[in-house]
Amino acid sequence: MSESDVIMSGTLVCTMQTRQAFATRKTTRSAENVDIGGMIDPPEIIGQRLERLRVELGFAKQQDFANALGIDKSTYSLYKNGSRALTFETACIIRQKWGISLDWLFFGDMQQAAIQTMAKIGRGTEDTHAARTRKKVAR
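So, here's what we can say about the structure.

Reading guide: rules and limits
- Residues numbered from 1 in each chain as written.
- Predicted model: local features only at pLDDT ≥ 70, side-chain atom pairs only at ≥ 80, totals over all residues.
- Heavy atoms only, no water.
- Helix = DSSP H or I, 4+ residues; strand = E, 2+ residues; numbered from the N terminus.
- Buried < 20%, exposed > 50% of the residue type's maximum accessible area, 1.4 Å probe, protein only.
- Contact = heavy atoms within 4.5 Å.
- Core = buried A, V, L, I, M, F, W, Y, C linked by side-chain atoms within 4.5 Å.
- Salt bridge = Lys/Arg side-chain N within 4 Å of Asp/Glu carboxyl O.
- Polar contact = N/O pair within 3.5 Å; in protein donor to acceptor, adjacent residues only side chain to side chain.
- Arc of directions from axis to C-beta.

### Remarks on the overall build of the chain
- In terms of regular secondary structure, the chain is built from seven helices and three strands.
- Start at the N end of the chain and walk to the C end: the helices and strands fall as β-β-β-α-α-α-α-α-α-α.
- Residues counted as buried form 20% of the 139 residues belonging to the chain.
- When contacts within the chain are restricted to residue pairs at least 6 apart in sequence, long-range pairs at least 24 apart make up 34% of them.

Shown next as structure tokens:
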């Protein structure tokens, strides 16, 4: 059994009580470290990407794009305006229907190196031994 005690101040300090004794107090971050930023772009940036994607895909109306995604127009409007974060499920629909990278949707990443690496690896469903055998036979 363990209990934890967190003291909130300028610096976070945690103590952990275990069956043996109290652990020594140690700060969770030092002064030279900075806060970690968000891992994905803000919803308003992602919304701008979605709107540009809609136009690029040839959807003249937001309603038509929303229908293609299987969501309400009001939900799409919330995504577009950045009032609501794009869900992973909706992003996966975009990826599946139009091949748009999740990295681009969430991060704006347009690097091609990852695509080349993934193409070499394949889908990951092929038996590795069978692939090696085919390479040897092909030589």
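### Things to note about the nonpolar core
- Counting 17 residues, the largest nonpolar core has Leu50, Phe65, Ile71, Tyr76, Leu86, Ile94 and Leu105 as the members making the most contacts within it.
- Ranked by residue count, the leading element in this core is helix H2 (residues 62-69), at four residues.

### Digging into the pattern of salt bridges
- Taken as a whole and assessed by the stated rule, the structure comprises two salt bridges.
- Of the charged contacts in the structure, one is a salt bridge between Asp41 and Arg49, with a shortest N-O distance of 2.4 Å.
- On the basis of relative accessible area, Asp41 is assigned to the partly exposed category, the value being 22%.

### Remarks on the side chain of Glu51
- Relative to the elements of secondary structure, Glu51 occurs in helix H1 (residues 43-56).
- Polar contacts involving the side chain of Glu51 include one to the side chain of Tyr76, which spans 2.5 Å.
- Sequence-distant contacts of Glu51, defined by excluding residues within four places in its chain, comprise Gln62, Tyr76 and Lys80.

### Observations concerning the environment of Leu53
- In this structure, Leu53 sits in helix H1.
- For the pair Leu53 and Ile94, spaced 41 residues apart in sequence, the C-alpha to C-alpha distance is 9.8 Å.

### A look at the environment of Ile93
- Inspection of the secondary structure puts Ile93 in helix H4 (residues 88-98).
- Residues Ile93 and Leu69, 24 residues apart in the sequence, show an inter-C-alpha distance of 6.6 Å.

### Observations concerning H4
- Where H4 is concerned, the buried positions are Thr90, Ala91 and Ile94. End-on view of H4: buried residues confined to an arc of 105°, all on one side of the axis. With respect to the buried face of H4, the exposed residues turned more than 90 degrees away are Phe88, Glu89 and Gln96.
- If you follow the buried residues of H4, they end up packed against H1, H2, helix H3 (73-81) and helix H5 (102-107).

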